[in-house]
Amino acid sequence: MYENKEFYINCDGINIHAKLDFPAVQAEKMHVLIIIPGLTGHIEERHIIAVKDTALECGYAVLRSELYGHGKSEGEFRNHTVLIWMHEAMRVIDYALKLPFCKDVIVSGHSQGGLTTVLAAGLMYDRVKAALPMSPALNIWNGARTGEYFGKKIDPDHLPEELPSGTGLDGNYLRAAALLPVEEAVAKFKKPVLITHGTSDAAVPFGWAEWLLERYEDVRLVPIEGDDHCYNFHLDEVLSAVREFLTAMADA
């Protein structure tokens, strides 16, 4: 019988904080759901815990991971980029696939973690069974190319030493974001995708979920009517969609 554990995954000398949780009824082989929180987020956030618990109810093992500069992981927040996260997410997927009980892997994430999910699923298309981006922050990538950073105008050709966001991130964050292979990753992933997104999300416009809907081959978008970025009003609707999706993937 496997027991829940907290540990670190080493990625090129950086220790990535993770927690592995198991369902009450365990099988010899189990599906594994990876969950990646968003920018400034961590693995104990309300919506992350709720998705974890839903997956456990569906008989999944759940691997939550805080990537570079977040939560208890190593690395300075100021120095992190989505490019680093993309690389680390691939390592987390590799780790999960080597677990003795792992049947297959579904990767999920919220906000910047949702953007990372899109990228990692595309890069690991042959190893990931399905993807579940929640409120995926594709505006990070698009804004880096067009000169907008969370509602503030910037010159993409003359990036400031510190971005006008109050987070302390520097210009390298957007330099890396502008070159992310988002379109290539979406085109490469032909397997099932579930997108959840609040229609009143002020941080990541709902239109980016619709953008993905138009481009993924096997995709379902569940609009969470009137909800915000972290599903503070209708989290139950997100969990219902997640439960249905994970149950279908377990039976596939």
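None of these values were measured; they are calculated from a predicted model. (Residues numbered from 1 in each chain as written. Predicted model: local features only at pLDDT ≥ 70, side-chain atom pairs only at ≥ 80, totals over all residues. Heavy atoms only, no water.)

### A few points about the pairing of strand E5 (residues 102-110)
Then, number 1: Where burial is concerned, most of E5 is hidden: 8 out of the 9 residues are buried.
Then, number 2: Summarising the sheet, strand E3 (residues 30-36) and E5 pair through 7 bridges and their orientation is parallel. Bridge pairing in E5 places His 31 opposite Asp 104.
Then, number 3: Summarising the sheet, E5 and strand E6 (residues 130-134) pair through 5 bridges and their orientation is parallel. Opposite Val 107, over in E6, you have Ala 131 as the bridge partner.
Then, number 4: Taken together, E5, helix H3 (residues 112-123) and E6 form a β-α-β motif whose crossover is right-handed. (Buried < 20%, exposed > 50% of the residue type's maximum accessible area, 1.4 Å probe, protein only. Helix = DSSP H or I, 4+ residues; strand = E, 2+ residues; numbered from the N terminus. Pairing = 2+ DSSP bridges. Right-handed = clockwise from strand over helix to strand, strands pointing away.)

### Some remarks on unusual backbone geometry
Across the chain, the bulk of peptide bonds are trans and the bulk of non-glycine residues have phi less than zero.
Then, number 1: Positive phi outside glycine occurs at Ser 135, with the angle close to 45°.
Then, number 2: Along the chain, Ser 135 turns up in the loop between E6 and helix H4 (138-146).
Then, number 3: Look at Tyr 231: it is not a glycine, yet its phi comes out positive at around 60°.
Then, number 4: Looking at where Tyr 231 falls in the secondary structure, it is placed in the loop between strand E10 (219-224) and helix H8 (235-251).
Then, number 5: The buried category is assigned to Tyr 231, whose relative accessible area is 1%.

### Here we look at the side chain of Ser 108
Then, number 1: One can find Ser 108 in strand E5.
Then, number 2: Judged by its relative accessible area of 0%, Ser 108 is buried.
Then, number 3: Ignoring any residue separated from it by four or fewer positions in sequence, one finds Ser 108 in contact with Leu 33, Ile 34, Ile 35, Ile 36, Thr 117, Leu 132 and Met 134. (Contact = heavy atoms within 4.5 Å.)

### Looking at the nonpolar core
Then, number 1: Ranked by internal contacts, the top residues of the largest apolar core, which has 65 residues, are Ile 34, Leu 63, Tyr 173 and Val 182.
Then, number 2: If one sorts the elements of this core by residue count, helix H2 (residues 82-97) sits on top with 7 residues.
Then, number 3: When near neighbours in sequence (up to four residues on either side) are disregarded, Leu 63 contacts Phe 7, Ala 18, Lys 19, Leu 20, Val 32, Leu 33, Ile 34, Ile 35, Val 92, Tyr 95 and Ala 96.
Then, number 4: Of all hydrophobic cores here, the second largest spans 25 residues; its members include Ile 35, Val 62, Ala 130 and Met 249. (Core = buried A, V, L, I, M, F, W, Y, C linked by side-chain atoms within 4.5 Å.)

### Digging into the packing of H4 against helix H5 (residues 171-178)
Then, number 1: Running from N to C, H4 and H5 point in directions that differ by 100°, and their axes come no closer than 8 Å. Comparing the axis directions of H4 and H5 gives the class roughly perpendicular. Where H4 approaches H5, its residues Ile 140, Trp 141, Ala 144 and Arg 145 are matched on the opposing element by Tyr 173, Leu 174, Ala 177 and Ala 178.
Then, number 2: Here the contact of H4 with H5 is built from residues that sort into 7 nonpolar, no polar and 1 charged. (Axes fitted to C-alpha atoms, helices over the stretch in contact; angles between N-to-C directions. Parallel < 35°, antiparallel > 145°, perpendicular 65-115°, else oblique. Nonpolar A, V, L, I, M, F, W, Y, C, P; charged D, E, K, R; others polar.)

### A few points about H3
Each full turn of the α-helix corresponds to 3.6 residues, which orients residues three or four apart in the same direction.
Then, number 1: Relative to the 16 Å expected for 12 residues at 1.5 Å per residue, H3 spans 17 Å between its end C-alpha atoms, a close match to the ideal helical length.
Then, number 2: Of all 12 residues in H3, 11 are buried; the element is thus mostly enclosed. (Expected span 1.5 Å × (residues − 1).)

### Quick look at the environment of Tyr 95
Then, number 1: In this fold, Tyr 95 is placed in helix H2.
Then, number 2: By relative accessible area, which is 23% here, Tyr 95 ends up partly exposed.
Then, number 3: Along the sequence, Tyr 95 and Asn 4 sit 91 residues apart, while their C-alpha atoms lie 16 Å from each other.
Then, number 4: Ignoring anything within four residues of it in the chain, the contact list for Tyr 95 reads Lys 5, Phe 7, Ile 9 and Leu 63.

### Quick word on the confidence of the model for the chain
One rule of thumb: low pLDDT means the predicted coordinates there are not for detailed reading.
Then, number 1: Of the residues in the chain, 100% have a pLDDT of 70 or more, and the chain-wide mean is 96.
Then, number 2: Per-element averaging of pLDDT across the chain places strand E7 (residues 148-149) at the bottom with 80 and strand E9 (residues 193-198) at the top with 99. (pLDDT = per-residue confidence, 0-100.)

### Brief notes about the pattern of salt bridges
Then, number 1: Under the counting rule described, the total for this entry stands at 15 salt bridges.
Then, number 2: Lys 19 is the salt-bridge partner of Glu 44, the closest N and O atoms lying 2.7 Å from each other. Taken together, the residues Glu 44 in the loop between E3 and helix H1 (46-57) and Lys 19 in strand E2 (residues 14-21) connect sequence positions 25 residues apart.
Then, number 3: Arg 220 is paired through a salt bridge with Glu 244; the nearest N and O atoms lie 3.5 Å apart. Highlighted residues: Arg 220 in strand E10 and Glu 244 in helix H8, separated in sequence by 24 residues.
Then, number 4: Given the relative accessible area of 48%, Glu 244 is considered partly exposed.
Then, number 5: Taken together, the salt bridges that share partners define one network made up of Lys 19, Asp 21, Glu 44 and Arg 64. (Salt bridge = Lys/Arg side-chain N within 4 Å of Asp/Glu carboxyl O.)

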